[in-house]
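What follows is each chain in one-letter form.
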Amino acid sequence: MARWCYRHRLVVLLLWLGALFGLGAGGTAAGSDYANVFSLPDTDSKRAFDLMEKAFPESSGDTDTVVWKVDEGSVRDAGVRSRIEPALAEIGRLAGVGAVSSPYADAGAAQVSRDGRIAYAQVTFTEQANSVDLAVIEDVVDTARGAERAGLTVELGGQAIARTQEPPMGTAELVGIAAAAVILFLAFGSVFAMLLPLVTAVAGVGGGMMSTTLLSHVTDVPEVAPLLGTLIGLGVGIDYALFIVTRHRRGILRGLAPEEAAVTALNTSGRAVLFAGGTVCIALAGMLVMNMRFLDGVVIATSLTVVLSVLAAVTLLPALLGFLGTRVLSRRQRRRLAATGPEPKESAGLAARWSAYVQRRPRSTAAVAVVVMAILAIPVFSLRLGASDQGNQPASTTTRQAYDLLAEGFGPGFNGPLQVVVDGGDATGLIRAIEATEGVAQVAAVPPANGVSVIHVVPTTAPQSAATDRLIDRLRDDVIPESGTDAYVGGVTAVFKDFASVTGERLPYFVATIIALGFLLLLVAFRSLVVPLTAALMNLVAAAASFGVLVAVFQWGWGAEALGFGKEGPITSFLPVIMLSLLFGLSMDYQVFLVSRMHEEWVHTRDNARAVRVGLAETSRVINCAALIMISVFAAFVLSGDTEGAMAGIGLAAAVALDAFILRTALVPAAMHLLGRSNWWLPAGLDKRLPHLAVEPAEEPPAAQDGPASAVHGFVRTAEGDPVEGASVTLLSSSGGRQLDRVTALADGSYIVSVPAPGTYLLATTAPAYGSRAAHVEVADGPLAYDVELAEHEVDAVN
């Protein structure tokens, strides 16, 4: 397939452009229909919600709030009314506004605080928040804020109002892509090579997001799903393309023609990308174990984006490589290739020195890594799941200030009232019992409708307070049963409490599922019991440490306001499930990429120390580069304007940083050095029963037939027939460019390289002041005589 895409690159490119334009046109015409379905079956809040739908079948539009406060006097003063009332009247006349409830109306006395300094009006739009025209919302904000004067503060809150505070769409994505571009350019030194992963990732993410928009019309997809899909899609899309482009460039530098290098890259790293993408999708599908409708849409959006990112990497990317040819290398690399010939397969530089250091000091390296991860994991023991609201937004936002004003004037529980829904019967006794309950600030009953009564209960504590959770439990366990009525506690606060409770109950099963899946996949791939056990343990360590960082920043508030994250609060209840799925998938990516190279060396040499050292030296640079890209992409989502997006971005950025820089490049190789040959132990009986799965084929030359070792010999001469003393002759495998032997020509130009078995090989020859020559050679049963002719400043393309 890679060869077909390479040779028919224009067709592949046009197919991708047609698909993207088609999806874009369809998505634009259909629009989005996202739905946040937070209710859970068999919970108190779900029963309350169902009864509310029975009592009030006609759903109204989004209701937002205009809040104002006077520094002195009362909001009832004529000077204040003369400014607020005309503004409210003007808001009521705007297209898209259904009604405005004013505290200055006959029934509005309850909308003024006891001290008379704070009041609010409710603005009900004709549609839900996401469907209201943004221009209408901005007119509401401008009109209300226009009533301000010295001593009179006006703020606005609500879901529709929050849309005016969102940064321009695509800001987070553009910042993440820009940061990734800088890292890729520094890694490759070529603008064309830098663009390849970016174009591939954007194609996959674009297709995924537009497909998700269309799917929102046929299934429930939450608003946060496209954001999370983009988050993971950009990260894995760029990384997958990075792995393939790196292997492709290495093949060219080692003497392969661009087409052969692309085919080899897709047959090696491309296989690993398919395996890694599959593991990410399996991890995401593990969220279905939670049996939460809200997560189903997240699974659809993220999995679809990952699938399209993998498809772009294995089809669009080889087509783009065909357009570039050798320009995928930097100019300096092309000049060096022409001058000195193919590179040897030898690791050097910082990565090799670090790998050697880990081999010399595995105990101290492992100890430092464990201590760092343990310290970062300490806050996880304080983890409290809940829901973020506008009270957690940055203090500079009008929604946060409106939230604080309402809490100041009407109590902290005013922003999260509970709804006690009574199914038939007299609710009078229950109302009195609720009024007498500790933690209740205010009770108001709505006239019955369709046999259902609704009691609005305002707690004395904030929606995110643990005391509010205890009040809900008290109402459900004691007050309602003692009253003898058939009633349920609902409302947004109760829904999120139930969501957090169910998540906490089912999370161990979810973790066990994804850990078991990861264990089985690695067991089959690397035919070892210890490697998957080590990976499972590392995944748990990485999860604990990353959640520790998340708790410290968002729950404890360490630097949250300074960094613009807003006020501290509980961790969003669905975030652990999503983060663990993504973390599992991303960790598997790095584990596969690292251990597959170690396993390949182990198969060839049966030397564990060498296998671990070589595997770390040859993959750590790419892993670290990929991690830096993911960290940049994830961290950029702090700019998304969405609290859940910021939490996911910071949490995943921390997880990737810890996983790549501490676990995969320090703790895992140190542990594997300490475990020695037992890393690769597998009972013989189990080995026979396991299916064989080739994550990345070994880069051995394909033997035409079995036979003894042989040789290629001959002379290296100039065009005039003069011997070239000191010429370097290298024998490489034709698939992957693995160096098999390397010698220096003698004074008469003669050379001889050993061949492990009959087959096809690549013979590369280079010498100072001469060009390089590379060609495929066919070795049969006996030695092959092959003379090489070198000319000045000439590179012979490999057939």
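Calculation criteria
- Per-chain numbering applies: the sequence of each chain, read as written, is numbered from 1 onward.
- Note on the predicted model: pLDDT of at least 70 is required for a residue's local features to be given, and 80 or more for side-chain atom pairs to be given and counted; whole-chain, interface and lining totals, by contrast, use all residues.
- Water and hydrogen atoms play no part in the side-chain values, which are based on all heavy atoms of the structure.
- Where helices and strands are cited, they refer to DSSP runs of H or I of at least four residues and of E of at least two residues respectively, numbered from the N terminus.
- Any pair of residues with heavy atoms lying within 4.5 Å of one another is described as a contacting pair.
- The method behind every accessible area is Shrake-Rupley, applied with a 1.4 Å probe, and residues are considered shielded solely by the protein chains displayed.
- When charges are counted, Lys and Arg are positive and Asp and Glu negative, with His and the chain ends excluded.
- Lysine's charge is taken at NZ, arginine's at CZ, aspartate's at CG and glutamate's at CD.
- Patch members must show over 30% relative accessible area and no salt bridge, and they are joined within 9 Å when carrying like charges or within 5 Å when they are nonpolar side chains of Val, Leu, Ile, Met, Phe, Trp or Tyr.
- The salt bridge criterion pairs a side-chain nitrogen of Lys or Arg with a carboxyl oxygen of Asp or Glu, the two atoms within 4 Å.
- With a 1.4 Å probe rolled over the protein chains alone, any residue whose accessible area is under 20% of its type maximum counts as buried; one over 50% counts as exposed, and the rest are partly exposed.
- Confidence of the prediction at every residue is given by pLDDT, a number between 0 and 100.
- Here, expected helix span is obtained from the residue count minus one, scaled by 1.5 Å.
- Strands are labelled as partners when DSSP assigns at least two bridges between them.
- For helices, the fitted axis covers only the stretch in contact; all axes are lines through C-alpha atoms, and the angles between them, taken along N-to-C directions, range from 0 to 180 degrees.
- Only the six-membered ring of Trp is used, alongside the rings of Phe and Tyr, when aromatic pairs are assigned; centres must lie within 6.5 Å, and planes under 30 degrees apart are stacked while those over 60 apart are edge-to-face, with the rest tilted.
- By the criterion adopted, a ring carries a charge over it if an Arg CZ or a Lys NZ lies within 6 Å of its centre and within 35 degrees of its normal.
- Each angle receives one of four descriptions, namely roughly parallel if under 35 degrees, roughly antiparallel if over 145, roughly perpendicular if within 65 to 115, and oblique otherwise.
- In a left-handed crossing the near helix is turned counterclockwise from the far helix by less than a right angle, and in a right-handed crossing that turn is clockwise.
- Only Asp, Glu, Lys and Arg are considered charged, only Ala, Val, Leu, Ile, Met, Phe, Trp, Tyr, Cys and Pro nonpolar, and every remaining residue, Gly among them, polar.
- Any pair of nitrogen or oxygen atoms within 3.5 Å is treated as a polar contact; in protein, a donor-acceptor pairing is required on top of that, and neighbouring residues in sequence qualify only through side-chain atoms on both sides.

A few points about the overall build of the protein
Summing up its helical and strand segments, the protein has 23 helices and 18 strands in all. Counting only C-alpha atoms, the protein reaches 110 × 55 × 45 Å along its principal axes. Residue pairs in contact within the protein that sit at least 24 positions apart in sequence constitute 77% of those at least 6 positions apart. Here the protein has roughly 32600 Å² of accessible surface; of this, 58% comes from carbon and sulfur atoms. Charged side chains in the protein number 56 positive and 74 negative. The centres of these two groups are separated by 8 Å.

Brief notes about a negative patch on the surface
Together, Glu 90, Glu 127, Asp 133, Glu 138, Asp 139 and Asp 142 make up a region of like negative charge exposed at the surface. The element contributing the most residues to the negative patch is helix α5 (residues 134-145), with three residues. Its place among the elements puts Asp 133 in the loop between β3 (118-125) and α5. Here Asp 133 falls in the partly exposed class, since its relative accessible area comes to 48%.

Things to note about the confidence of the model for the protein
Averaged over every residue, the pLDDT of the protein is 83; the share at 70 or more is 92%. Of all secondary-structure elements in the protein, the lowest mean pLDDT belongs to helix α20 (residues 575-605), at 79, while helix α14 (residues 362-377) reaches the highest, 94. In the model, residues 698-707 has pLDDT below 50 throughout and makes 33 contacts with residues more than four positions away in sequence or in other chains.

Overview of helix α9 (residues 224-253)
Across its 30 residues, α9 extends 44 Å between first and last C-alpha, which sits within 8% of the 44 Å expected from 1.5 Å per residue. The element α9 is extensively covered by neighbouring structure, given that 28 of its 30 residues are classed as buried. Of the residues flanking the end of α9, it is Gly 255, one or two places downstream, whose phi is positive at about 105°.

Section: the pattern of salt bridges
Two side chains bearing opposite charge may form a pair once their charged atoms approach each other closely. In the structure shown here, the tally under the stated rule is 14 salt bridges. In this structure, Glu 260 and Arg 3 form a salt bridge, with 3.1 Å as the shortest nitrogen-oxygen distance. Here Glu 260, found in helix α10 (residues 258-285), pairs with Arg 3, found in helix α1 (residues 2-7); they are 257 residues apart in sequence, far enough to count as distant. Shared partners join several salt bridges into a network, and the residues in it are Arg 3, Arg 7, Glu 259 and Glu 260.

Describing the sheet that holds strand β4 (residues 152-157)
Read across the open sheet, the four strands follow the order β2-β3-β1-β4; overall the sheet is antiparallel. On the outer flanks of this sheet lie β2 (97-101) and β4, each paired with one strand and no other. The sheet shows a mean angle of 20° between the axes of neighbouring strands, direction not considered. Together, β1 (63-70), β2, β3 and β4 form the strand contacts of helix α4 (residues 78-92), whose direction differs from that of β2 by roughly 155°. Along the sheet, helix α15 (residues 398-410) contacts β1, β3 and β4; its crossing angle with β4, the most-contacted strand, is approximately 110°.

A look at the sheet that holds strand β12 (residues 728-733)
Strand order in the open sheet made by the four strands is β13-β12-β15-β16, with antiparallel pairing throughout. Since the sheet does not close on itself, it has two edges, and those belong to β13 (739-744) and β16 (773-779), each with one partner. Direction aside, the axes of adjacent strands within the sheet are offset by 20° on average. With seven bridges joining them, strand β15 (residues 759-766) and β16 adopt antiparallel strand pairing. Bridge pairing links Thr 765 to Arg 773 in β16.

As for the packing of aromatic side chains
Scanning all chains against the criterion turns up seven aromatic pairs. Taken together, the ring pairs connect Tyr 120, Phe 410 and Phe 414 into an aromatic cluster. Over the ring of Phe 323 we find Arg 9; its NZ or CZ atom is 6.0 Å from the centre of that ring. When the ring centre of Phe 715 is taken as reference, the NZ or CZ atom of Arg 717 above it lies at 4.4 Å.

Thoughts on a nonpolar patch on the surface
There is a patch of nonpolar side chains on the surface, built from Val 182, Phe 185, Leu 186, Val 191, Phe 192, Leu 195 and Val 199 and spanning about 630 Å² of accessible area. Looking at the nonpolar patch, the elements with two or more residues in it are α7 (171-188) and α8 (191-215). Considering each element in turn, the nonpolar patch owes the most residues, four residues, to α8. Relative to the helices and strands, Leu 195 is located in helix α8. Using a relative accessible area of 36% as the deciding quantity, one classes Leu 195 as partly exposed.

Let's talk about the packing of α20 against helix α21 (residues 608-636)
At their nearest, the axes of α20 and α21 sit 8 Å apart, and the two run at 160° to each other. What the angle tells us is that α20 and α21 run roughly antiparallel. Here the hand of the crossing between α20 and α21 comes out right-handed. Looking at the contact of α20 with α21, its residues break down into 16 nonpolar, four polar and four charged.

Quick word on the pairing of strand β11 (residues 710-718)
One ladder, built from six bridges, connects β11 with strand β14 (residues 750-755); its direction is antiparallel. Residue pairing across strands places Ser 710 opposite Val 755, the latter belonging to β14. In terms of strand pairing, β11 meets strand β17 (residues 784-785) through two bridges, oriented parallel. Looking across to β17, one finds that Val 712 is bridged to Leu 784. Bridging between β11 and strand β18 (residues 788-790) involves three bridges; their strand directions are parallel. Looking across to β18, one finds that Arg 717 is bridged to Glu 789.

Some details on the packing of α9 against α10
Interaxial distance between α9 and α10 falls to 8 Å at its minimum, and their mutual angle equals 155°. On the basis of their axis angle, the class for α9 and α10 is roughly antiparallel. Here α9 runs over α10; the crossing is right-handed. Seen from α9, the contacting residues are Tyr 240, Phe 243, Ile 244, Arg 247, His 248, Gly 251 and Ile 252; seen from α10, they are Pro 258, Ala 261, Ala 262, Ala 265, Leu 266, Thr 268, Ser 269, Gly 270, Val 273, Ala 276, Gly 277 and Val 280. Split into classes, the residues belonging to the contact of α9 with α10 amount to 12 nonpolar, six polar and one charged.

Structural notes on the side chain of Ser 728
Here Ser 728 lies in strand β12. Residue class for Ser 728 comes out buried when judged on its relative accessible area of 12%. A distance of 3.0 Å separates polar atoms of two side chains, one belonging to Ser 728 and the other to Arg 742. Setting aside chain neighbours within four positions, we find Ser 728 in contact with Arg 742, Val 743, Ala 764, Thr 765 and Thr 766.

Some points on the side chain of Asp 741
As for its placement among the helices and strands, Asp 741 is situated in strand β13. Buried charge Asp 741 goes without a salt bridge, the closest partner of opposite sign being Arg 742 at 8.8 Å. Reaching out from Asp 741, the side chain makes a polar contact with the backbone nitrogen of Ser 754 at a distance of 2.9 Å. With near-sequence residues (within four places) excluded, Asp 741 lies in contact with Val 729, Thr 730, Leu 731, Val 753 and Ser 754.

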